[in-house]
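# Descriptive structure summary
Here's the letter readout for the chains.
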Amino acid sequence: MTFTLNAALHARNFDVSLTLGPAETVAVLGPNGAGKSTLLGIIAGLLRPDSGRAVLGEKTLFNLDGGASHFLPPHTRGTALLAQEPLLFPHMSVLENVAFGPRAAGESRACALETARHWLAEVEAAEFADRRPGQLSGGQAQRVAIARALATDPELLLLDEPMAALDIHAAPMLRRLLKRVLANRRAIIITHDILDALMLADRAIVVESGHITEEGPTRAVLEKPRSKFAAGLAGMNLVTGTITGRGLTSDGGLDITAHPEDGAVPGQDGVAVFSPTAVSVFLGAEHGSPRNSFAVTITDLEPHGDQIRVHAGGLSADITPAASADLGLTPGMTVYFVIKATAIAVYPA
Amino acid sequence: MTFTLNAALHARNFDVSLTLGPAETVAVLGPNGAGKSTLLGIIAGLLRPDSGRAVLGEKTLFNLDGGASHFLPPHTRGTALLAQEPLLFPHMSVLENVAFGPRAAGESRACALETARHWLAEVEAAEFADRRPGQLSGGQAQRVAIARALATDPELLLLDEPMAALDIHAAPMLRRLLKRVLANRRAIIITHDILDALMLADRAIVVESGHITEEGPTRAVLEKPRSKFAAGLAGMNLVTGTITGRGLTSDGGLDITAHPEDGAVPGQDGVAVFSPTAVSVFLGAEHGSPRNSFAVTITDLEPHGDQIRVHAGGLSADITPAASADLGLTPGMTVYFVIKATAIAVYPA
Amino acid sequence: AASSTAAGTTRSGSSTAAGTGTVTVFAAASLKSTFTKIASGFEAANPGTKVTLNFAGSSDLVTQVTQGAPADVIASADTTNMAKLSDAKLIDGTPSKFATNTLEIAVPPGNPASISSFADLAKPGVKVVVCAPQVPCGSATETVEQAAGTTLKPVSEESSVTDVLGKVSSGEADAGLVYVTDVKTAGDKVKGIPFSESDQAVNTYPIATVGSSKSKELAKAFIAMVTGSEGRKVLSDAGFGTP
Amino acid sequence: MTPVSAPRSKARTGSRTNRRDTRYTGVPPWVFALAAAGALFVLLPLAAMVVRVNWGEFIPLITSESSLTALGLSLRTSAASTVLCIVLGVPLALVLARASFPGQRLLRAFVLLPLVLPPVVGGIALLYTFGRQGLLGRSIELAGIQIAFSTSAVVLAQTFVALPFLVVSLEGALRTAGTKYEAVAATLGARPTTVLRRVSIPLVLPGLASGAVLSFARCLGEFGATLTFAGSLQGVTRTLPLEIYLQRETDADAAVALSLVLVAVAVAVVGLSYRRPRALPSQAGTE
Amino acid sequence: MTPVSAPRSKARTGSRTNRRDTRYTGVPPWVFALAAAGALFVLLPLAAMVVRVNWGEFIPLITSESSLTALGLSLRTSAASTVLCIVLGVPLALVLARASFPGQRLLRAFVLLPLVLPPVVGGIALLYTFGRQGLLGRSIELAGIQIAFSTSAVVLAQTFVALPFLVVSLEGALRTAGTKYEAVAATLGARPTTVLRRVSIPLVLPGLASGAVLSFARCLGEFGATLTFAGSLQGVTRTLPLEIYLQRETDADAAVALSLVLVAVAVAVVGLSYRRPRALPSQAGTE
Ligand SMILES: Nc1ncnc2c1ncn2[C@@H]1O[C@H](COP(=O)(O)OP(=O)(O)OP(=O)(O)O)[C@@H](O)[C@H]1O
Ligand SMILES: Nc1ncnc2c1ncn2[C@@H]1O[C@H](COP(=O)(O)OP(=O)(O)OP(=O)(O)O)[C@@H](O)[C@H]1O
Ligand SMILES: [Mg+2]
Ligand SMILES: [Mg+2]
């Protein structure tokens, strides 16, 4: 009962292979235009890849390899897609929108409306049941769209940025709902939010430029990011280079002292990863217990929660506003980023 | 050169008054369906309020008070609206989309295309210039829509959730861009993201159920939130009640010890605000230096950054995953939330 | 009377009692008022019979009969169209001529262009409309032109007399060449100006039984009525001549 | 731009904003001018007709048995033809708008042909096909059905001339509506037939309505093909336009008066049936 | 549902997915069946016509001077009328679809009337209006313009009958398209005229195209109103349908052959001009 996919769509420079176990939820992360929505479109049957093959349990969704041309239409696939826009049917009431999937699956009208009411209540949108989609706010529409997708009870649920447009109350509420719903379900969820990936998914994949660049248990991907994107997502600093006996020499020539992970062989390509909170900022080149001290020029300062994030030399440091004010930090200044060796992890790339 | 607005739209239970100084940027925060988009729609001229009046500098945008019926159409208002959906014109190339505003303002074709190229480059979307909007990903379309709104160079810029759908690289990039662009410009920006409000706006207003419930400098609103919504946004705990000599007695009967702010008069309605990081969790009712200790039942645990946020009794606490594991926290458990009095602020509501 | 009916043309079973029948008459549109009168006379004279009338342009009628329309009697406004049917052996025997018609000048009331003779029609500035040579009234016009030695410069060559009459009665044209009967029917909407050359082109109306008719008895009876005194009276009241 | 209070009924800056409608609808004023010219162009001839009517003769004329029979026949056949047009035309429009196959453009061009054929020729073509001597006539006759010169012939003739109207206006609407809602419906598990019934058709209802109204109107006014293919037998095939044509043989003004009945019926049908259709989601992010 | 490799050309589960188009277009198979029936209904009579043509006589007939003159006149007048229809009809459609004012429904019903008027009556109404004795005739004549029996009369007659086609199909398309892009354009500072030119019209281009094609086709086939209002003089007012009608007086088969020319012209014009129009954004969040 696994789901396997393998598809290429040349026009979008897309080529991805993916396997999902039963009841597994995968988070898809990646920059804008990476091909995340394309991936869901191909699985849902809205896009026809140039080649590849997908099997969901017993069912071959498509097989376009070696001259074969099997392609199941969307409605027979048992996948439900929450697209990036809510796209509620404008001519139906909110309730009818949510009941659409159950109705299409053959439920009786009464039964489908019951299901629809249930899911509307779940997303706290029961009060809008009789409205037209045109009379909803952006966030309300998004919630109804989620209810509509969940109401279909699919074999594979495809969610494209379900949390977009939601307010700070609705987002955690839906996150909890999805956590419950996805617990025993196979799903693929696209998100730009690390929290969604951590909470909802068993596994994360990072798509960049149409290809999977990273894959693994969500925590592992976020804690030991190998790609710049995953590192950025986790808020981590990431330096690529060559592994040495004492740590890593960056591509820019920086010597980083750290304890390489097991399996890191000197001479191999590797990455050094450390949190911005592990970085201290000094005005002069201090000499103390920390082994790493790099002179960098500040490019940018921005608030980050109740801290200030200092961007410099491609790295970032989180410090308190008070410390920032004391040091008189401004973009253009040269400062020293100091990191303790124990705070840096080095992995093979 | 101020902007004043005062408008009511009964069908949406909307009634808001607002004043903006020259070059002031205001962030509008609020739950889904609060009336944020409605506010922008009214200012832009897409919605006609039932009554009210708006003046932008010399220009009366509308005046529907006391039998008057003056209503400027959208294109003469000097406002540009970035709506909640990108709504790029499907029949034009990306470049033509962005050049549309300058062209409509009377710029020559060459000049308008130049302007469009500039703004496309600013949002890092120059490479899509010749594509059709249908060939963009969600985040790419959002960026182009931002460029299109910025390219009109309006007297008052209206941005409805500009950061939605953006990846973790694009969001900070656009935040920096907007910070620069909005520096000398009057703008209203709707956001669900506290960071946007902090970084981009001089002032924040919180809209709830069609009415402004809070207003003031962004930091002040977030640091001293009066409404449940603003408190939630800032990640703060918020308890409403009556101010006492020693702090505040909550509506639920809880006695909170704290040092009331200047101007808080005992007997007055007030709020107590404290950060989740200031809350410690104990399994038993410890007696130590902290003055506040409340027995609460855990409703939910969720990751929050690299911490665990414990929700209990309407309050929340941030603790380390290790601590959470040590204590064996699970929903349903009764624990004690302990807060030092100096970590709690009490204001008049 | 014959008891057979033509399939598909009976209005309903109830109107055809036993021993009676229906006769379907295809007639030129210009015969509408006269044939309607004659038909009701026929029905009155033969209780239980029913005359179904189908009016259209003569060439339309020919097409319809050629394509197997269930007609019993066909009355055309000219001999040319009827000849097509006899050539195709679609009618019984030779058609009988039951009426004639001649041309007349029609002018709007008040006669704005002061037309008094056929030659006046050729005066410059006079807007004359005639029938196109392809239709019977048009070929009659050509004949008259030759006889009168006058060449007309019409502003329009219409495809039917009705259209010519329409142009004149609306005052759009100063004069038109139509049939005497048309002028009569039009009443005071137009004024007729007879001219001597008109008898050079006498248009004859033939009537015949359709070969595939299933009520030939009734058809013959109807034709007899038309060509008989009763029919003749109705026709001459309408301005038709006797062949 | 000075702040002036304009009276509600007069828009100041060239765009009209309706009082009760809170949404944006900007129509430039010159459009109104041209529209007025267009409307006048249609309305003046109608007015001219009304002016000419001899009202004294009007009532007896329109209440005469032959007129009423013809009117009844016209309404019945037009209704039947419109249904037939919908049954055949909606699938044609769908296929032209949504599927793609070789020869599609040619098919579209051919489906439009009854529009250009002079109706009389259309009638002849129908005779050649369904007439006794026609392409299918013999097989049909063997089946015991006689089409030509029957009321069904009227319906066929009307359907033939009216079908393209429905197809073309519906195809335009389908293309304008796009396929994204249909795709969403499919991902929710709806079979193509369900998608069609519950999404595609409701979404293009304005287009379908105009198509049906056009077809009905065209059927109501159909003359040439009916005359040729169905003949003009009172109560069986003589529809109101044929009655008017015959009337014109004797009295053009009476024909005009009679066509006012047609006009009145059409205005009633169109005015009543053509509900203000719901547009696609017209919110612009703000509504 | 067993995993079977279906050959490319056969869709297995009732929905067709085009090979080259990667987008979703699901058309149920029974729709194809009905569409085929509809297409046959239109194509068979055309085929029957083609079968009857005496090809030996065909070439001389269609290359005769009168046929060619009539064809040329038809094309010229139809083109002019289509332009006039667009000029008057687009504003009318906009006003009907976008503005809202009292009497709008009545206006819509009236604009549709030329559809139901038997063309001959339409011609009479035009005579009553623009004729010498007509409502406007005298003032027009004073202005030194002579409409009756001129080519402009043909254009007027064609425009009168064809205008509703454009209005109705465009109005449907405008309603289906909705107003949200127009609203966005206005907030970007575009005046209503600019919105119209750069947003509204391009977005409903498929609808406008079908409307224009319909109008053109209707003009090309127009017969009754032209005959009544403009007359029939070779080279001036005798368009191809009038020529065909006359031809028919002497030889029905020749008339049918001649109308094949009309058919061919229409197929060519429609096939060439009717580009596969761009649909509205058909991405469903995924494209
Ligand atoms: N119809 C199309 N034709 C050609 N290229 C397209 C089309 N639609 C999208 N693309 C391109 O394909 C790539 C992948 O797009 P996709 O929508 O899958 O991105 P995404 O990962 O979902 O991004 P986002 O986070 O912005 O939604 C993008 O570079 C996009 O520009
Ligand atoms: N066309 C409409 N008719 C009636 N009510 C509407 C309409 N559109 C929106 N509303 C209602 O008006 C209220 C305000 O909607 P608005 O779109 O302004 O909310 P919002 O603050 O922008 O919310 P979100 O964060 O979800 O975008 C909502 O409760 C919504 O349901
Ligand atoms: Mg996407
Ligand atoms: Mg909103």
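Preceding this section is the structure that the text describes.
Below is a short write-up of the structure. (Residues numbered from 1 in each chain as written. Chains lettered and ligands numbered in written order. Predicted model: local features only at pLDDT ≥ 70, side-chain atom pairs only at ≥ 80, totals over all residues. Heavy atoms only, no water.)

## A short note on the relation of the copies chain D and chain E
Short version of the rule: Fitting of the copies onto one another was done by least squares over C-alpha atoms, counting residues only where both copies have pLDDT of at least 70. Throughout, a contact is declared for two residues whenever any of their heavy atoms are within 4.5 Å.
Aligned on chain E, chain D shows an RMSD of 0.2 Å; the corresponding rotation is 180 degrees and the shift along the axis is 0.0 Å. Here the symmetry operator amounts to a two-fold rotation axis. Counting the interface residues of chain D, we find that 100% of their copies in chain E are interface residues as well, pointing to one common contact surface.

## Quick look at the interface of chain D and chain E
Definition in use: Values labelled buried area give the accessible surface lost by two parts on being combined, using a 1.4 Å probe and summing over both. When a carboxyl oxygen of Asp or Glu lies within 4 Å of a side-chain nitrogen of Lys or Arg, that pair is called a salt bridge. Identification of polar contacts relies on pairs of N or O atoms within 3.5 Å, with a donor-acceptor requirement for protein atoms, meaning one able to donate a hydrogen and the other able to accept it, and with residues adjacent in sequence counted only if both atoms are side-chain atoms. For the purposes of this entry, the term helix denotes a DSSP run of H or I that reaches at least four residues, the term strand denotes a run of E that reaches at least two, and both are numbered from the N terminus. When residues are grouped by polarity, Ala, Val, Leu, Ile, Met, Phe, Trp, Tyr, Cys and Pro land in nonpolar, Asp, Glu, Lys and Arg in charged, and all others, Gly among them, in polar.
Taken together, the contact between chain D and chain E spans 117 residues of the former and 118 residues of the latter. Contact between chain D and chain E buries roughly 10600 Å² in total, counting both sides, with carbon and sulfur atoms accounting for 77%. For the pair chain D and chain E, the interface holds zero salt bridges. Our count for the chain D to chain E interface comes out at three residue pairs in polar contact (both at pLDDT 80 or more). Considering every element that reaches the side of chain D that touches chain E, the biggest residue donor is helix H1 (residues 29–52) of chain D, with 17 residues. Here the side of chain D that touches chain E is composed, by residue class, of 80 nonpolar, 25 polar and 12 charged.

## Considerations on the packing of aromatic side chains
Here is the rule we go by: Ring pairs shown here join Phe, Tyr and Trp side chains whose ring centres sit within 6.5 Å, with only the six-membered ring taken for Trp; geometry is labelled stacked below 30 degrees between planes, edge-to-face above 60, and tilted in between. Working definition: with a 1.4 Å probe on protein chains only, accessible area under 20% of the residue-type maximum means buried, over 50% means exposed, and in between means partly exposed. The rule for a charge over a ring is simple: NZ of Lys or CZ of Arg within 6 Å of the ring centre, and within 35 degrees of the ring normal.
For the structure on display, the rule yields 23 aromatic pairs over all chains. Plain terms: the ring middles of Phe41 of chain D and Phe130 of chain E are 6.1 Å apart, the flat faces sit at 45 degrees to each other, and that makes the pair tilted. Remark: Phe130 of chain E occurs in helix H6 (residues 119–130) and Phe41 of chain D occurs in helix H1; the pair is interchain, linking two chains. Taking the centre distance of 4.9 Å and the plane angle of 75 degrees together, the rings of Trp55 of chain D and Phe58 of chain D count as edge-to-face. Of this pair, Trp55 of chain D and Phe58 of chain D both sit in helix H2 (residues 55–63), three residues apart, roughly one helical turn. Assessed through its relative accessible area of 9%, Phe58 of chain D is described here as buried. Members of the aromatic cluster, each reached through a chain of ring pairs, are Phe35, Phe42, Phe98, Tyr205, Phe222 and Phe240 of chain C. Between Arg48 of chain A and the ring centre of Phe71 of chain A, over which it is positioned, the NZ or CZ distance is 4.8 Å. A cation over an aromatic ring shows up here: Arg77 of chain B above the ring of Phe71 of chain B, its NZ or CZ 4.7 Å from the ring centre.

## A few points about the coordination of the magnesium ion (ligand 4)
Residue and element names in this part refer to chain B. Definition in use: Water is absent from the atoms considered, so a metal site may look incomplete; donors are defined as N, O and S atoms within 2.8 Å of the metal, or 3.2 Å for Na, K and Ca.
The coordination sphere of the magnesium ion (ligand 4), as far as protein atoms go, consists of Ser37 (OG) and Gln84 (OE1), spread over 1.9 to 2.2 Å. Highlighted residues: Ser37 in helix H1 (residues 36–44) and Gln84 in the loop between strand E7 (79–82) and helix H2 (94–104), separated in sequence by 47 residues. Like Ser37, the residue Gln84 is buried in the burial classification.

## As for helix H10 (residues 192–203) of chain D
A large share of H10 of chain D lies buried, amounting to nine of its 12 residues. Taken as a whole, H10 of chain D has its buried residues at Pro192, Thr194, Val195, Leu196, Arg198, Val199, Ser200, Ile201 and Leu203 of chain D. In this structure, the buried residues of H10 of chain D make contact with helix H2 (94–104) of chain A, helix H3 (65–98), helix H9 (180–187) and helix H11 (205–221) of chain D together with helix H1 (29–52) and helix H8 (151–177) of chain E.

## Points about the sheet that holds E7 of chain B
Backbone-to-backbone hydrogen bonds join strands into a sheet, with any given pair of strands oriented parallel or antiparallel. Residues and elements named next belong to chain B. We apply this condition: Two strands are counted as paired when DSSP detects at least two bridges linking them. In this analysis an axis means a line fitted to C-alpha atoms, helices contributing only their contacting stretch, and an angle means the value between N-to-C directions, from 0 to 180 degrees.
Ordered by their spatial adjacency, six strands build an open sheet running E7-E8-E9-E3-E10-E11, and the pairing between neighbours is mixed. Of all strands in the sheet, those with a lone pairing partner are E7 and strand E11 (211–217), marking the two edges. If you compare each strand with its neighbour and ignore which way they point, the axes differ by 15 degrees on average. Where strand E10 (residues 203–208) meets E11, six bridges bridge the pair, whose relative direction is antiparallel. Across the sheet, the residue bridging to Arg203 is Pro217, located in E11. H1 rests against strand E3 (25–29), E7, strand E8 (156–160), strand E9 (186–190) and E10 of the sheet, and its axis sits at about 150 degrees to E8.

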